Amino acid sequence: MDRIFTVEEARALMPALLERADEFVSLRGDLAELARDLREHGVSESGGLPEAKAFEARLDEILGWFEAHGIEIKGVAPLLVDFPSVLDGVPVRLCWLEGDRDLAWYHREDLGFAGRRPLRRA
């Protein structure tokens, strides 16, 4: 069974999530620049194919951390994750989007991102 988070449990993971998300965003940018340089010029100041593979491996490790904690990955550019939850008896996803510094949104499970609403502070 998939993990169901309380708002408090999800918010308790935010410091670790933010640390990994910040690293993910930085590495994603580094990989994009390296790949473009290699594609267009065949060389890059950032390295070559081994470095690209190392960036990819670390990105996969970070995504694995989210999955291991029961956090659903919905997108990687921008990074978008959901915490399965239940509010007032309704299945929802507590929703975090790259750039957010807090867990402040949710949406009903059946509506997705378009149904995002502000999460009340407890």
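Quick note: structure is the one above.
This report concerns the structure included in the present document. A quick note: this is a predicted structure, and the numbers were derived from the prediction, not measured. (Residues numbered from 1 in each chain as written. Predicted model: local features only at pLDDT ≥ 70, side-chain atom pairs only at ≥ 80, totals over all residues. Heavy atoms only, no water.)

Observations regarding the nonpolar core
The biggest cluster of nonpolar side chains holds 29 residues, and the ones touching the most others in it are L17, I71, F83, L94 and W96. Residue assignment for this core shows that the elements contributing at least two residues are α1 (7-12), α2 (14-41), α3 (49-68), β2 (79-87) and β3 (90-97). Ranked by residues supplied to this core, first place goes to α2 with eight residues. (Core = buried A, V, L, I, M, F, W, Y, C linked by side-chain atoms within 4.5 Å. Buried < 20%, exposed > 50% of the residue type's maximum accessible area, 1.4 Å probe, protein only. Helix = DSSP H or I, 4+ residues; strand = E, 2+ residues; numbered from the N terminus.)

Some thoughts on the sheet that holds β3
Whenever strands of a sheet pair, they do so through backbone hydrogen bonds, lying parallel or antiparallel. Taken together, the five strands give an open sheet; going across it, the order is β1-β2-β3-β4-β5, and neighbouring strands pair in antiparallel fashion. Edge positions in the sheet fall to β1 (72-76) and β5 (117-118), since each has one partner strand and no second. Inspection of the sheet shows β3 paired to strand β4 (residues 105-108) by four bridges, in the antiparallel sense. Pairing of L94 across the sheet is with Y106, part of β4. Set on the sheet, α2 makes contact with β1, β2 and β3; between it and β2 the angle comes to about 155°. (Pairing = 2+ DSSP bridges. Contact = heavy atoms within 4.5 Å. Axes fitted to C-alpha atoms, helices over the stretch in contact; angles between N-to-C directions.)

Details of the pairing of β4
Relative to β5, β4 is paired through two bridges, and the arrangement is antiparallel. Bridged to W105 within β5 is P118.

Some thoughts on the layout of surface pockets
Of the pockets and cavities examined, the largest pocket occupies roughly 220 Å³. Taken together, 14 residues make up the lining of the largest pocket; nearest its centre are L87, D88, Y106, L119 and R120. Contributions of two or more residues to the lining of the largest pocket are made by α1, β3, β4 and β5. Looking at the lining of the largest pocket element by element, the count peaks at three residues for α1. Counted by class, the lining of the largest pocket contains eight nonpolar, no polar and six charged residues. (1 Å grid on protein atoms, 1.4 Å probe; cavity = no way out; pocket = protein on both sides within 12 Å on 5 of 7 lines; lining within 4 Å. Points joined across faces, edges and corners; volume = space filled by probe spheres on them. Nonpolar A, V, L, I, M, F, W, Y, C, P; charged D, E, K, R; others polar.)

Here we look at the packing of aromatic side chains
Within this structure, the stated rule accounts for two aromatic pairs. Relative to F83, the ring of F5 has its centre 5.0 Å away and its plane inclined at 90°; by these criteria the two rings are edge-to-face. Pair noted here: F5 is in the segment before α1 and F83 is in strand β2, with a separation of 78 residues, a long-range link. (Phe/Tyr/Trp six-rings, centres within 6.5 Å; stacked < 30°, edge-to-face > 60°.)

Structural notes on α2
Here α2 is 28 residues long and its end C-alpha atoms lie 40 Å apart, about the 40 Å a rise of 1.5 Å per residue gives. When α2 is considered as a whole, its buried residues turn out to be M14, L17, L18, A21, F24, L27, L31, L34 and D37. Along its buried surface, α2 packs onto α1, α3, β1, β2 and β3. Trailing α2 by a residue or two, G42 shows a phi angle of about 80°, which is positive. (Expected span 1.5 Å × (residues − 1).)

Concerning the packing of α2 against α3
One way to put it is that α2 packs onto α3 with a least axis distance of 9 Å and a crossing angle of 155°. On the basis of the axis angle, α2 is roughly antiparallel to α3. Between α2 and α3 lies a crossing whose hand is left-handed. Contacts between α2 and α3 involve A16, L17, R20, A21, E23, F24, L27, R28, D30, L31, L34 and L38 on the former and, on the latter, L49, E51, A52, F55, E56, R58, L59, I62, L63, W65 and F66. Here the residues of the contact of α2 with α3 sort into 16 nonpolar, no polar and seven charged. (Parallel < 35°, antiparallel > 145°, perpendicular 65-115°, else oblique. Left-handed = near helix turned anticlockwise from the far one by under 90°.)

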